[in-house]
Amino acid sequence: MTVPASRVRPRTARRVVPLLLVVGLLVPIGVLFQQSWRLTDDDRSLAARERLGVAYLRVLGPVTDALVDAQSAAVAGRPATGAALTDAVEEVARVDARIGAELRTQERWAGLRAKLEALRDRAPTDPEAAFTAYGEVTDLLLDLHRKVRESSGLIRDPASDSFFLQDAAGRQLPEAMVAAGRLTDLAALAARRTPDDRSRTLAQLAALRVAALTPAGTLVDDLRAAVDRSESADLGGTVLTPLDTYQRAVEALAAASAPTRAGTLDAAPVAGARLDAHAAAEQLQPVILAELDALLAARVDRLDRDRWLVVGAAGLGVLLLAVLAGVLVTAARRARRRAAEARRARQPEDGRTAEDPTWPPGPGEPRPLQPAGRAGDPDAARWGPADAAR
């Protein structure tokens, strides 16, 4: 028997609509999962890359310390052992071999290392030439600091506390140390220069004094801003004590490097103040980098938890949709089964149903035989053997 098209379409729609509903809900869940995963993964990758930058800055600190000391020794005409600088250079070489390709620092480090080795073999004969040569190398070293911060993403850190920490340890502190060393060494050279160079020397001393004190002051502001804006309860207690020591040393350097009324500068007090500031910086920089790395590590852990939360939420959403689909399919099957049972209950013994247009028979048409007296059949009282004989 052919089922009319008008009856096929509603049944098909009842089967397809639940599936379309489930698929329609899966699409936004998938889009949200992809977007959340991508954003979380990007943030985690940035934080992990920043930690590589912190590791590189850690080994650049001893190179800066040793290089400034070697410059002072060369300008003063003293032979330097160079052991500290050699050990620091070897440590940077090991770190650069491990992560330099990812941070794109290998070429810059190779050029700086060649310059450092040339300085190590240089005899301390001409203080002026040594001052110029060391100045070129320290410029390359500061440029490597900047490259590490840029390539690792530290310079673009989104959190205020970690941003100020990386700026203090990776920019302000190295610049202040290098400028303080140059100020001290130029003050020593000023006594040897001719009176004709007096004006030029005083201008250079004034510029170096500003170059040393400005980043030192910015460093203090950076660290205090990091402590004020950080959610870490340990940052202030760890950083502020060595910061106070460094700030006092910088204030002493500012007082010692102030020119007299005659425009002269006593090199001995400047050298002593520079050594105190240098020692305070050596204590401060590892503390800053350790706190910065701790903040980044906590961020990585938090992003890992967020990624698992995204996965769990997406999985739960898919599971709920699967349950919903199962419920809808089961309900559709039960509805079809009840409909089939209802049709069978209405179907006479000759196979025709109530939906059959030939049922019931019209006037004068033969009726199917049915057992007489069948319980529950209203026609049984009216049909009998006589009807059957007809």
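Refer to the preceding data block for the structure.
## Some details on the overall build of the protein
In terms of helices and strands, the protein carries nine helices and zero strands. Counted from the first residue to the last, the protein has its helices and strands arranged as α-α-α-α-α-α-α-α-α. Burial analysis of the protein (390 residues in total) assigns 38% to the buried set. Relative to all contacts within the protein whose residues are 6 or more apart in sequence, the contacts with residues 24 or more apart total 76%. Accessible area for the protein stands at about 21600 Å²; split by element, carbon and sulfur atoms hold 58% of it.

## Here's the deal with unusual backbone geometry
Backbone phi values are negative for most residues with the exception of glycine, while trans is the configuration of most peptide bonds. Look at arginine 104: it is not a glycine, yet its phi comes out positive at around 55 degrees. Position of arginine 104 among the secondary structure elements: in the loop between helix H2 (83–103) and helix H3 (106–120). Overall, arginine 104 belongs to the exposed group, its relative accessible area being 52%.

## Some words on the packing of aromatic side chains
Inspection of every chain in the model, using the stated rule, returns one aromatic pair. The interplanar angle of 70 degrees and the centroid separation of 5.8 Å between the aromatic rings of phenylalanine 163 and phenylalanine 164 together place this pair among those described as edge-to-face. The exposure class assigned to phenylalanine 163 is partly exposed, which follows from its relative accessible area of 30%.

## Topic: the environment of aspartate 222
Mapped onto the elements of the fold, aspartate 222 is located in helix H6 (residues 198–229). Here aspartate 222 falls in the buried class, since its relative accessible area comes to 7%. When the C-alpha atoms of aspartate 222 and glutamine 166 are compared, they prove to be 9.2 Å apart, with 56 residues separating the residues in sequence. For aspartate 222, the contacting residues outside a window of four places in its chain are Phe164, Asp167, Ala168 and Gln172.

## Description of the environment of valine 68
Mapped onto the fold, valine 68 is located in helix H1 (residues 5–76). Linking valine 68 and arginine 182, residues 114 residues apart in sequence, is a C-alpha distance of 8.2 Å. Ignoring anything within four residues of it in the chain, the contact list for valine 68 reads Met177, Val178, Gly181, Arg274 and His278.

## Looking at H6
For H6, spanning 32 residues, the distance from its first C-alpha to its last is 47 Å, which sits close to the expected 46 Å at 1.5 Å a residue. Among the residues of H6, those classed as buried are Thr201, Leu205, Leu208, Ala212, Pro215, Ala216, Leu219, Val220, Asp222, Leu223, Ala225 and Ala226.

## With respect to the packing of H6 against helix H7 (residues 235–256)
For any two helices packed against each other, the geometry comes down to the angle between their axes and how far apart the axes lie. It is the contact of H6 with H7, at a shortest axis distance of 10 Å, that shows an interaxial angle of 160 degrees. By the angle between their axes, H6 is roughly antiparallel relative to H7. When you trace H6 past H7, the crossing you get is left-handed. Facing Arg209, Leu213, Ala216, Leu219, Val220, Leu223, Arg224, Ala226 and Val227 of H6, the residues of H7 in contact are Leu235, Gly236, Val239, Leu240, Leu243, Asp244, Tyr246, Gln247, Val250 and Ala254.

## Brief notes about the nonpolar core
Membership of the largest hydrophobic core comes to 59 residues, with the highest contact counts inside it found for Tyr56, Trp109, Leu223 and Tyr246. Broken down by secondary-structure element, the contributors of at least two residues to this core are H1, H2, H3, helix H4 (127–152), helix H5 (160–190), H6, H7 and helix H8 (267–346). Examining the composition of this core, we find that 11 residues originate from one element, H1, more than from any other. Ignoring anything within four residues of it in the chain, the contact list for tyrosine 56 reads Val92, Val95, Asp96, Ile99, Leu103, Thr105, Trp109, Leu144 and Val148.

## Structural notes on the pattern of salt bridges
Here the idea is simple: oppositely charged side chains can pair when their charged atoms come close. If you walk through the whole model with that rule in mind, you get 18 salt bridges. Note that aspartate 139 and arginine 182 form a salt bridge whose closest N and O atoms lie 2.7 Å from each other. Taken together, the residues span a long stretch of sequence, with aspartate 139 in helix H4 and arginine 182 in helix H5 at a distance of 43 residues. On the basis of relative accessible area, arginine 182 is assigned to the buried category, the value being 18%.

Calculation notes
Residues numbered from 1 in each chain as written. Predicted model: local features only at pLDDT ≥ 70, side-chain atom pairs only at ≥ 80, totals over all residues. Heavy atoms only, no water. Helix = DSSP H or I, 4+ residues; strand = E, 2+ residues; numbered from the N terminus. Buried < 20%, exposed > 50% of the residue type's maximum accessible area, 1.4 Å probe, protein only. Contact = heavy atoms within 4.5 Å. Areas by Shrake-Rupley, 256 points an atom, 1.4 Å probe, with all protein chains shown as cover. Phe/Tyr/Trp six-rings, centres within 6.5 Å; stacked < 30°, edge-to-face > 60°. Expected span 1.5 Å × (residues − 1). Axes fitted to C-alpha atoms, helices over the stretch in contact; angles between N-to-C directions. Parallel < 35°, antiparallel > 145°, perpendicular 65-115°, else oblique. Left-handed = near helix turned anticlockwise from the far one by under 90°. Core = buried A, V, L, I, M, F, W, Y, C linked by side-chain atoms within 4.5 Å. Salt bridge = Lys/Arg side-chain N within 4 Å of Asp/Glu carboxyl O.

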